[in-house]
Amino acid sequence: MAAVAVVSLVILLPLTVSTRAAVRDITLVTRDMAFYLEDGTVPNPTIRLDAGEEVRFILRNLDSGITHNLAIEGWELETAYLDGDASATLRVHVPKQPGSQTYVCVPHRGMMRGVIEVVAGD
Ligand SMILES: [Cu+2]
């Protein structure tokens, strides 16, 4: 019985690894009361995601002394509030429906807000 269990595990393992969806990392930093893509110069940039893709936002707060976070409220996703130099990740399973969402920093939503566009995958 144990031998059967081991054999089926060996068969299933490579299958599980190969079918796991790739996750795309998108790094956002906060500085001077705005979001930027890492190395980007456009404040609060529009972020384009493919419908149905798996994304991990990595948020790093570069505003020392100011608390920021990242929330996509339409998808009920939100990081913790970060002190300066802290970072957090937000895992997103992008819906299959194209459309747009707003992302914000909750305490500074008037200044720190941008658009996420979900476009149909290829
Ligand atoms: Cu903020």
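Structure: above.
Remember, predicted model here, so these are calculated numbers, not experimental data. (Residues numbered from 1 in each chain as written. Predicted model: local features only at pLDDT ≥ 70, side-chain atom pairs only at ≥ 80, totals over all residues. Heavy atoms only, no water.)

Caption draft 1: Focus on the overall build of the chain. Looking only at helices and strands, the chain has 1 helix and 9 strands in total. Counting helices and strands in the order they occur from the N terminus, the chain gives α-β-β-β-β-β-β-β-β-β. Of all 122 residues assigned to the chain, the portion counted as buried reaches 34%. Intrachain contacts of the chain at a sequence separation of at least 6 include 61% that bridge at least 24 residues. Of the roughly 7,500 Å² of accessible surface on the chain, 56% is carried by carbon and sulfur atoms. (Helix = DSSP H or I, 4+ residues; strand = E, 2+ residues; numbered from the N terminus. Buried < 20%, exposed > 50% of the residue type's maximum accessible area, 1.4 Å probe, protein only. Contact = heavy atoms within 4.5 Å. Areas by Shrake-Rupley, 256 points an atom, 1.4 Å probe, with all protein chains shown as cover.)

Caption draft 2: How the structure looks around the coordination of the copper ion. Taken together, H68 (ND1), C105 (SG) and H108 (ND1) make up the protein donors of the copper ion, found 1.9 to 2.1 Å from the metal. Read from N- to C-terminus, the donor residues coordinating the copper ion fall into the pattern H-x36-C-x2-H. Take C105: its relative accessible area is 0%, and that puts it in the buried class. (Donors = N, O, S within 2.8 Å, 3.2 Å for Na, K, Ca; no water.)

Caption draft 3: Local environment of the pairing of strand β1 (residues 23-31). Here β1 pairs with strand β4 (residues 54-61) via 8 bridges, running parallel. Bridge pairing links D25 to R56 in β4. Examined bridge by bridge, β1 and strand β2 (residues 34-37) share 4 bridges and lie antiparallel to one another. Considered in β2, the bridge of T30 is made with F35. Linking two consecutive strands that pair antiparallel, namely β1 and β2, is a turn of 2 residues; a positive phi of about 50° is found at D32 within it. (Pairing = 2+ DSSP bridges.)

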